[in-house]
Amino acid sequence: MYAKNRYDAEGNLTRNGTSYKGDIWRYLATWGFRTLNDLDGAGYAPPSHEDLADLFERRMRERAKTYDTYYSNRGHGISYADIETMADAAATAVLRDWSPDWIREMRARGATGGRRSKSPGPTWTDDDLDQLASLHGQTKAQQSIALGVSQSTIDRMRRALRERG
């Protein structure tokens, strides 16, 4: 694992860890989908499972950072023993999940550009707003220290307090 999971103070996951094998898997899946789309666009049938797995295996041997478990049991990369297994599993997944509209679907997803992201909503409760109301007359910085939130959160809480009436 070269990037570990990160958690905030409450124990909520804030960043997923990544691994070299995970990066290879994502690369093979994307490359496989693009290859199948190109073949479909040119009028060819999708390759067989064995042909696609062989293609993935050759690609990993050419481009991936590998190590031999006979000489070392650790390494930043993928072991020679895992290459064939991963190529077979990736070929199965790509042939199962691919559709002729894959590129169109990816373009539609990318075209949203975050316009449909949902806000998690306010991070405060009605009790927090009541506490803010009791701190009337203090500066924004003093209120943020007293409530343990940022000054921009105080701005949003003040706005919510005004809307509440």
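Residues numbered from 1 in each chain as written. Predicted model: local features only at pLDDT ≥ 70, side-chain atom pairs only at ≥ 80, totals over all residues. Heavy atoms only, no water.

### Considerations on the overall build of the chain
From N to C terminus, the chain includes seven helices and four strands. Along the chain, from the amino end to the carboxyl end, the secondary structure elements read β-β-α-α-β-β-α-α-α-α-α. Considering the chain as a whole, with its 165 residues, one finds that 26% of them fall into the buried category. Across the chain, the fraction of contacts at a sequence separation of at least 24, relative to all contacts at a separation of at least 6, is 53%. Accessible surface for the chain amounts to roughly 11,800 Å². Of this, 48% is attributable to carbon and sulfur atoms. (Helix = DSSP H or I, 4+ residues; strand = E, 2+ residues; numbered from the N terminus. Buried < 20%, exposed > 50% of the residue type's maximum accessible area, 1.4 Å probe, protein only. Contact = heavy atoms within 4.5 Å. Areas by Shrake-Rupley, 256 points an atom, 1.4 Å probe, with all protein chains shown as cover.)

### Some points on the packing of aromatic side chains
What the rule picks out here adds up to two aromatic pairs. Considering the side-chain rings of Tyr-27 and Trp-31, the 6.3 Å spacing of their centres and the 5 degrees angle between planes classify their relative orientation as stacked. A residue pair is termed a helical-turn pair when its members lie 3 or 4 positions apart in one helix, as Tyr-27 and Trp-31 do in helix α1 (residues 20-41) at four residues. Overall, Trp-31 belongs to the buried group, its relative accessible area being 19%. Considering the side-chain rings of Trp-31 and Phe-56, the 5.9 Å spacing of their centres and the 45 degrees angle between planes classify their relative orientation as tilted. Within this pair, whereas Trp-31 is found in helix α1, its partner Phe-56 is found in helix α2 (residues 49-63), the two being separated by 25 residues in sequence. Here the two residues Trp-31 and Phe-56 agree in accessibility, since each one is buried. Taken together, Tyr-27, Trp-31 and Phe-56 form an aromatic cluster joined through their ring pairs. (Phe/Tyr/Trp six-rings, centres within 6.5 Å; stacked < 30°, edge-to-face > 60°.)

### Some thoughts on α1
Here α1 is 22 residues long and its end C-alpha atoms lie 31 Å apart, about the 32 Å a rise of 1.5 Å per residue gives. Buried within α1 we find Tyr-20, Gly-22, Ile-24, Leu-28, Ala-29, Trp-31, Gly-32, Phe-33, Leu-36 and Asn-37. Considering only its buried residues, α1 is in contact with α2, β4 (78-79), α3 (80-97) and α4 (102-111). Just downstream of α1, Gly-43 is the residue with a positive phi angle, here 90 degrees. (Expected span 1.5 Å × (residues − 1).)

### Focus on the pattern of salt bridges
With the rule as written, the count across this model stands at nine salt bridges. Across the pair Arg-104 and Asp-101 runs a salt bridge whose closest N-O atoms are separated by 2.6 Å. Exposure remark for Arg-104: the relative accessible area of 59% places this residue in the exposed category. What makes Asp-101 partly exposed here is its relative accessible area of 34%. The partner of Arg-164 in a salt bridge is Asp-130, and the shortest N-O contact between them spans 2.7 Å. Of this pair, Arg-164 sits in helix α7 (residues 151-164) while Asp-130 sits in helix α5 (residues 126-134), and the two are 34 residues apart along the sequence. Relative accessible area serves as the criterion here: at 40%, Asp-130 is assigned to the partly exposed category. Connected via shared salt-bridge partners are Asp-126, Asp-130 and Arg-164. (Salt bridge = Lys/Arg side-chain N within 4 Å of Asp/Glu carboxyl O.)

Interpretation in functional terms is not warranted from these geometric data alone.
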